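Coordinate analysis (summary)
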Amino acid sequence: MSKEIKEQLQGKRLLLLGGSLWKEAIKRIADKYDITLIATGNSQKAGIFEIASEKYNVNSTNSEAMKRLIIEKKIDGVYMGGNETVISAACVYLEELGMPCYCKKKQWDSLQDKRKFKELCVTHNLPVVPELNLEQTHDTSFEFPVITKPADGCGSSGFTVCHNMKELENGIKRAKENSPTQQIILEKFVKNDGVVVFYTVSNGKLYFSGLEDKYPVRYEKQGSYVGGLFVFESKLKDEFREKFERQIAELVDDLGIKEGSFWIEVFYDGANFYFNEAGYRYGGSASIYPINYIYGINQVASDIFYALTGKSCLEGLISIIPEGVPQKAFYAVYPLYAHKGKISKIIGYEDLKQWTEIVTVINKSEIGDFIEESGTFSQAVALVHFVFNDINEAKDIIDRIHSTYQLLNENGENMIERMLKIEKLELK
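All of the points below concern the structure found in this document. Just so it is clear, the structure is predicted and the values come from calculations on it, not from any experiment.

Calculation criteria
Residues numbered from 1 in each chain as written. Predicted model: local features only at pLDDT ≥ 70, side-chain atom pairs only at ≥ 80, totals over all residues. Heavy atoms only, no water. Pairing = 2+ DSSP bridges. Helix = DSSP H or I, 4+ residues; strand = E, 2+ residues; numbered from the N terminus. Contact = heavy atoms within 4.5 Å. Axes fitted to C-alpha atoms, helices over the stretch in contact; angles between N-to-C directions. Core = buried A, V, L, I, M, F, W, Y, C linked by side-chain atoms within 4.5 Å. Buried < 20%, exposed > 50% of the residue type's maximum accessible area, 1.4 Å probe, protein only. Expected span 1.5 Å × (residues − 1). Polar contact = N/O pair within 3.5 Å; in protein donor to acceptor, adjacent residues only side chain to side chain.

In spatial order, the strands read 5-8-6-7; together these four strands make up an open sheet with antiparallel pairing. If you trace the sheet from one side to the other, it starts and ends with strand 5 (131-132) and strand 7 (160-162), each paired once. Taken together, the five bridges between strand 6 (residues 146-150) and strand 8 (residues 184-188) define a ladder with antiparallel strand orientation. Bridging from a neighbouring strand, valine 146 pairs with lysine 188 of strand 8. Contacts between helix 8 (residues 165-177) and the sheet are confined to strand 6, strand 7 and strand 8, with strand 6 contributing the most and set at about 20° to the helix.

Here you go:
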């Protein structure tokens, strides 16, 4: 740990507006650098309230109330976590206060809005999925399958693969229901076995931070796809970087991005890449851990340092990877999905965390929560991060996870659903 870094952070007061999924990482960083954590938000059940020394019940999206809180409590910096609504609001009032913030509203909107991002990709010669319009559906030459999705949604909410007119009508309805602006996108369906590319930006410099293979699984009832498994590092890494990194760097420069991290989901049909959507934040599967494990970049610590000092820093920061995790060939994130129901008991969480190949286990839900049948990533109740050397080892770990971790409903039944068919699983 750099002495100079600690001297710049020691005694600082950091306001947390999110980051509950990786609260252990935030706490580790705060303890090492003697940072005081303050939490605010609508729900004091959120994980950030467990690690904070001071707690306030102020809505993070209420601009005037937040500005008063920041001034009155002598906050040195604000860390936003990964909630899209909070980030969208906070980047505005932080700029009004003249405080460090990794993104500006225009930059955020350009990457968050699917249609704006698609336009950016076209401008910078990055391939995208062909977009259709509703009038074309009446043409006799119109071909299924197609996809419908909200222009400004996230987390697979409102995403539907449509194979006929009836499914298309339902897909349009779902997309609108999940769009704050009632804007939808209709696209040609391409094979959505794809990759997610991650980057970190520090002082205007772009750092490649991994290419992840995504193994999708389907909710038959909703017709939607979610991530069944995520694996770093993709064998497509070198090809992808050679083809697209220059254009991505130009896009980042065009937006004036100087700090923070972002990801881009890219479909791959075996021959062609199609840029789909982006997020100017950490990945929803807690991508901060594999990026730290593989590339030595602690994005959380870097963001906290910038929030508290207004300065860029990537080197010399502590790691959030627990000591003793072995160095292996691959890193996996395995989401555990649950059936509809109310959680009454969680079994195996502490046991999983003791395994040497486990990096972290993140519980997204807790006792008393009700799991809705949404067909989205919100049905993932836990994320298990582990490392492995070959496919047989990965299959064995996944089997052991299911024999260890259980989520019981009020009738004592296990709510965990095995979405991924590991008997047919092969590394891409």
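What follows is about the nonpolar core. One finds Trp22, Tyr289 and Phe386 to be the most contacted residues of the largest nonpolar core, which totals 87 residues. Tallying contributions element by element places strand 19 (residues 380-388) first for this core, with eight residues. Residues within four places of tyrosine 289 in sequence aside, it is in contact with Trp22, Ala25, Ile320, Ile321, Tyr331, Val359, Thr360, Ile362 and His385. Listed in part, the 50 residues of the second largest apolar core include Leu17, Leu120, Val197 and Ile248.

Attention shifts here to helix 13 (residues 391-404). Taking 1.5 Å of rise per residue, 14 residues should cover 20 Å, and helix 13 covers 20 Å from first to last C-alpha, within 8% of that figure. Those residues of helix 13 lying buried are Ile391, Glu393, Ala394, Lys395, Ile397, Ile398, Ile401, His402 and Thr404. Tucked inside the fold, the buried residues of helix 13 contact strand 14 (330-338), strand 16 (345-347), helix 12 (349-353), strand 19, strand 20 (406-408) and strand 21 (416-417). In this structure aspartate 390 caps helix 13, since a side-chain oxygen of it lies 3.2 Å from the backbone nitrogen of asparagine 392.

What follows concerns the sheet that holds strand 3 (residues 54-56). Strands sit in the order 3-2-1-4 across an open sheet of four strands; the sheet is parallel. Both outer strands of the open sheet, strand 3 and strand 4 (77-79), are each paired with one neighbouring strand and no more. Averaged over all neighbouring strand pairs, the angle between strand axes comes to 25°, with direction disregarded. Looking at chain direction, strand 2 (residues 36-40) and strand 3 are connected through three bridges and run parallel. Among the inter-strand pairings, threonine 40 is bridged to a residue of strand 3, identified as tyrosine 56.

Attention shifts here to the pairing of strand 8. Here strand 8 lies mainly inside the structure; four of its five residues are buried. Across two bridges, strand 5 lies against strand 8 in antiparallel orientation. Within strand 8, the residue paired with leucine 132 across the bridge is leucine 186.

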